[in-house]
Amino acid sequence: MSTPVTPAPTTDLVDAVIVGGGAAGLSAAIMLGRSRRSVIVVDGGEPRNAPADGVHGFLTREGTPPRELLRLGRAEVASYGVRVVDGQVVDARRDDDGFTLTTADGAIVRGRRLLIATGTADELPSIPGLWERFGRDALHCPYCHGWEVQDRVIGVLGTNAEAAAHQAQLFRQLSDRVVVLRNTAGAFTAEQEAAFAARGIEVVDGVVERLEIADDRLVGVRLDDGRTVPVEALAVVPVNRVRADAFTGLGLHTRPHPRGAEFGDAIGVDELGATSVPGVWAAGDVTNLRTQVLQAAAAGSMAGAIMNTDLVQEDVRRALAKR
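Residues numbered from 1 in each chain as written. Predicted model: local features only at pLDDT ≥ 70, side-chain atom pairs only at ≥ 80, totals over all residues. Heavy atoms only, no water.

Here we look at helix α5 (residues 161-172)
Taking 1.5 Å of rise per residue, twelve residues should cover 16 Å, and α5 covers 16 Å from first to last C-alpha, within 8% of that figure. Within the span of α5, buried status applies to A161, A163, A164, A165, Q167, A168, F171 and R172. Packed against the buried residues of α5 are β8 (138-139), α4 (142-145), β9 (154-157), β10 (178-181), α6 (190-198) and β15 (233-235). At the N-terminal end of α5, a side-chain oxygen is found 3.1 Å from the backbone nitrogen of E162, two or three residues along, and the residue is N160. (Helix = DSSP H or I, 4+ residues; strand = E, 2+ residues; numbered from the N terminus. Expected span 1.5 Å × (residues − 1). Buried < 20%, exposed > 50% of the residue type's maximum accessible area, 1.4 Å probe, protein only. Contact = heavy atoms within 4.5 Å. Polar contact = N/O pair within 3.5 Å; in protein donor to acceptor, adjacent residues only side chain to side chain.)

Quick notes on the pattern of salt bridges
A pair can form between side chains of opposite charge whenever their charged atoms are brought close. A full pass over the atoms with the stated rule returns 24 salt bridges. For R110, the salt bridge goes to D95, with nearest N and O atoms at 3.4 Å. With R110 in strand β6 (residues 108-116) and D95 in strand β4 (residues 89-95), this pair connects stretches of sequence that are 15 residues apart. Its salt-bridge partner being D97, residue R110 comes within 2.8 Å of it at the nearest N-O pair. With a gap of 13 residues between them, R110 in strand β6 and D97 in the loop between β4 and β5 (98-103) connect regions that are remote in the sequence. A relative accessible area of 17% places R110 in the buried class. (Salt bridge = Lys/Arg side-chain N within 4 Å of Asp/Glu carboxyl O.)

Here you go:
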């Protein structure tokens, strides 16, 4: 992203600090900026969807490269006076006026309200070649990337039987050549096996040892018994780890995914994005492991509006106290 950013701020108090400049954080910044709030966005520059060629399912922005979407977003928030700062928040504390945040390079940012939109980091199975293909022909979401691999031979990498069965049926909508690689998933239920057979989904036993690449394309996976299974795309289920270590000093903690801790964790929020810590909101992937870019933007927009409402209520209380 080539959009200039504001130099590291001083300790001046602003109305809201947003940590994370992805779709959720920048959408919140738009709402707050349009409400004439002073806002600083601190962004570490590590969007989760950076490996992908384009954003999908986002009306009017279909296929936009992720970093281009963020460049456009930064320009929009800047037009409302929002300051964007490149940096990584490493500590957050409450003070008499709200919150004090410290970045890795020692900059101090202070805000009356705080929004956490830091997203998640994907953890993938430790299979050689998988990370290099992730977001290209190694995929996790049929709605984000499925159209691009339609009618190919799609392998589903098993790490959890329930998740693999679910993913296989979703990708079967996009291709009639779907292969479930049992890998470490264990046994499927009789019902799952019947559903595979009914829709022509093959199940291949064996642990995947590595990906086979030719001419910068995925062409198969090598199993531990030496066999190669031809596949042209590989569906995986990553573990999503919330980027929230910097906020534990506020008493903010994550909770495991409803389907089990093996799928990841998230910050708990109410329907308006408020966390259990007064004055702190969260939005986007950091709160919901199934969030897509459009949904993250909507959650950020809602959180920004509610944060402004909360600030207005405090402004009214202060005005009444002065009288």
